[in-house]
There are 2 protein chains.
Amino acid sequence: MTAQSMPPAQLALQLRDAITRLNRRVRQARPVGDLTVTQLSALTSLRLAGALTPRELADVERVQPPTMTKIVAKLEERGLVQRTPHPTDGRQVILATTEGGQAVLDQLERVRDGWLARRLTELSDTDRETLHRAAEILQRISHA
Amino acid sequence: MTAQSMPPAQLALQLRDAITRLNRRVRQARPVGDLTVTQLSALTSLRLAGALTPRELADVERVQPPTMTKIVAKLEERGLVQRTPHPTDGRQVILATTEGGQAVLDQLERVRDGWLARRLTELSDTDRETLHRAAEILQRISHA
DNA sequence: GCAGTTCCTTAGTTAGGCTAACTATCGTGA
DNA sequence: TCACGATAGTTAGCCTAACTAAGGAACTGC
């Protein structure tokens, strides 16, 4: 079936099916240091940005602030992120990765998303190119 | 960045990022009759297959049997699926959609995945074609 | 006919999401 | 200047969704 003959509603179903199943699969594989996909994602975003407030990190991760409070609490428990008070605004907190957090991400650099990466290795260049373009589209959609 | 210059490990990261975020978004929108995405997915698979045992449905949905027990329990509570004993094997149960379940799916046919479908409508034919091909690849991967 | 296996369920845990409501701080306008 | 609304973060409580461990019931093979 081509794009011309597939209406958005049907594509939505197929796409949702694909992402929910793949999401389950990816979540099953807990790769690095017992961190979940969600925790790793937050940690990665934090390092990428350098330092963020919880609200900013919540916005980046597309979750509500209380959810980010929990995620950050888990990461802090493990000593992977650090909270420092904002220099001028007493309400705000600055989050940053610790050396331990950097180490975990460095390890991630080496291990990466093993299961998914292995599957991708088995694909053709064309398929990988398709997935790459699809990922860009989906990221754009998610931020709409 | 093209497929040639993007190694599988990096593509895996990008793809994982895209699907986890989109998954969060899709889960937020509870479309039909108070059913969750997970429940709808199971119900859809069940109708597609006609009738399945819980184990088979769990395999299709890529969850562990206890998880499927809970999902089926919720669907049964709402009268959307029916359990009948296996004719010869007393351990097994046969699951099938009820008329109510069919009705919900028919309604779904009409409403479909609203939020996602709307986003897809805004895309170009080329982008939709890309997503369609990507979904096929991802579905294949999830079952590997 | 017993031992092992399979199927399903129950029980309990954990992660991750939400909303509502609270505390503390900030900023501003009368 | 100070009272009050707005903002940042957390807490509390609830839900879904996944897991593992362990159990009972039924089947199967020797």
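Computed from a prediction, not measured in an experiment: that's the story for all the values here.

Quick look at the protein's contact with DNA strand C now. Around DNA strand C sit 28 residues in total, of which Thr36, Lys70 and Gly90 of chain A together with Arg55 and Arg83 of chain B are the nearest. When atoms of DNA strand C within 4 Å of the protein are split into backbone and base, the sugar-phosphate part holds 68%. Residue Gly90 of chain A places a main-chain N or O atom 2.6 Å away from a phosphate oxygen belonging to DNA strand C. Where the surface near DNA strand C is concerned, the elements lending two or more residues are α2 (37–49) and α4 (65–77) of chain A together with α1 (8–28), α3 (54–61) and α4 (65–77) of chain B. Among the elements that line the surface near DNA strand C, the one with the most residues is α4 of chain A, at 5 residues. For the surface near DNA strand C, the residue count by class is 7 nonpolar, 11 polar and 10 charged.

This brings us to the sheet that holds strand β1 (residues 51–52) of chain B. Two orientations exist for strands paired in a sheet by backbone hydrogen bonds: parallel and antiparallel. Residue and element names in this part refer to chain B. Spatially, β1-β3-β2 is the arrangement adopted by the 3 strands of the open sheet, whose pairing is antiparallel. This sheet does not close on itself; its edge strands, each paired only once, are β1 and β2 (81–85). By the bridge criterion, 2 bridges tie β1 to strand β3 (residues 93–97) in an arrangement that is antiparallel. Looking across to β3, one finds that Leu52 is bridged to Leu95.

Core analysis: the largest hydrophobic core is formed by 40 residues, its most contacted members being Leu120 and Leu131 of chain A together with Leu120, Leu131 and Ile141 of chain B. Beyond its immediate stretch of four places on either side in the chain, Leu131 of chain B contacts Leu11, Leu15, Ala134, Ile137 and Leu138 of chain A together with Leu120 and Leu123 of chain B.

A few words now on the sheet that holds strand β1 (residues 51–52) of chain A. Residue and element names in this part refer to chain A. Read across the open sheet, the 3 strands follow the order β1-β3-β2; overall the sheet is antiparallel. Of all the strands in the sheet, just β1 and β2 (81–85) have a single pairing partner and so form its edges. Here α4 sits on the sheet and contacts β2 and β3 (93–97); the angle it forms with β2, its principal contact strand, is near 110°.

With that out of the way, let us pick up α4 of chain B. Residue and element names in this part refer to chain B. For α4, with 13 residues, the first-to-last C-alpha span of 18 Å sits near the 18 Å given by 1.5 Å per residue. Considered for burial, the residues of α4 that qualify are Met68, Ile71, Val72 and Leu75. Down the axis of α4, the smallest arc covering the buried residues is 95°, so these residues share one side. Within α4, the exposed residues directed more than 90 degrees away from the buried face are Pro66, Lys70 and Glu77. Those residues of α4 hidden inside the fold are in contact with α2 (37–49), α3, β2 and β3. Taken from the residues just after α4, Gly79 is the one with a positive phi, measuring 70°.

Taken together, 26 residues lie near DNA strand D, and Pro54 and Arg83 of chain A together with Thr36, Thr88 and Gly90 of chain B sit nearest. Take the atoms of DNA strand D that sit within 4 Å of the protein: sugar and phosphate atoms are 74% of them. Take Arg55 of chain A: an N or O atom from its main chain is 3.2 Å from a phosphate oxygen of DNA strand D. Within the contact set of DNA strand D, a phosphate oxygen lies 3.2 Å away from a side-chain nitrogen or oxygen of Thr69 of chain A. Elements supplying a minimum of two residues to the surface near DNA strand D: α1 (8–28), α3 (54–61) and α4 of chain A together with α2 and α4 of chain B. No other element matches α4 of chain A, which puts 4 residues into the surface near DNA strand D. When grouped by side-chain class, the residues that make up the surface near DNA strand D number 6 nonpolar, 11 polar and 9 charged.

Definitions and limits used
Residues numbered from 1 in each chain as written. Chains lettered and ligands numbered in written order. Predicted model: local features only at pLDDT ≥ 70, side-chain atom pairs only at ≥ 80, totals over all residues. Heavy atoms only, no water. Near = heavy atom within 4 Å. Polar contact = N/O pair within 3.5 Å; in protein donor to acceptor, adjacent residues only side chain to side chain. Helix = DSSP H or I, 4+ residues; strand = E, 2+ residues; numbered from the N terminus. Nonpolar A, V, L, I, M, F, W, Y, C, P; charged D, E, K, R; others polar. Pairing = 2+ DSSP bridges. Core = buried A, V, L, I, M, F, W, Y, C linked by side-chain atoms within 4.5 Å. Buried < 20%, exposed > 50% of the residue type's maximum accessible area, 1.4 Å probe, protein only. Contact = heavy atoms within 4.5 Å. Axes fitted to C-alpha atoms, helices over the stretch in contact; angles between N-to-C directions. Expected span 1.5 Å × (residues − 1). Arc of directions from axis to C-beta.

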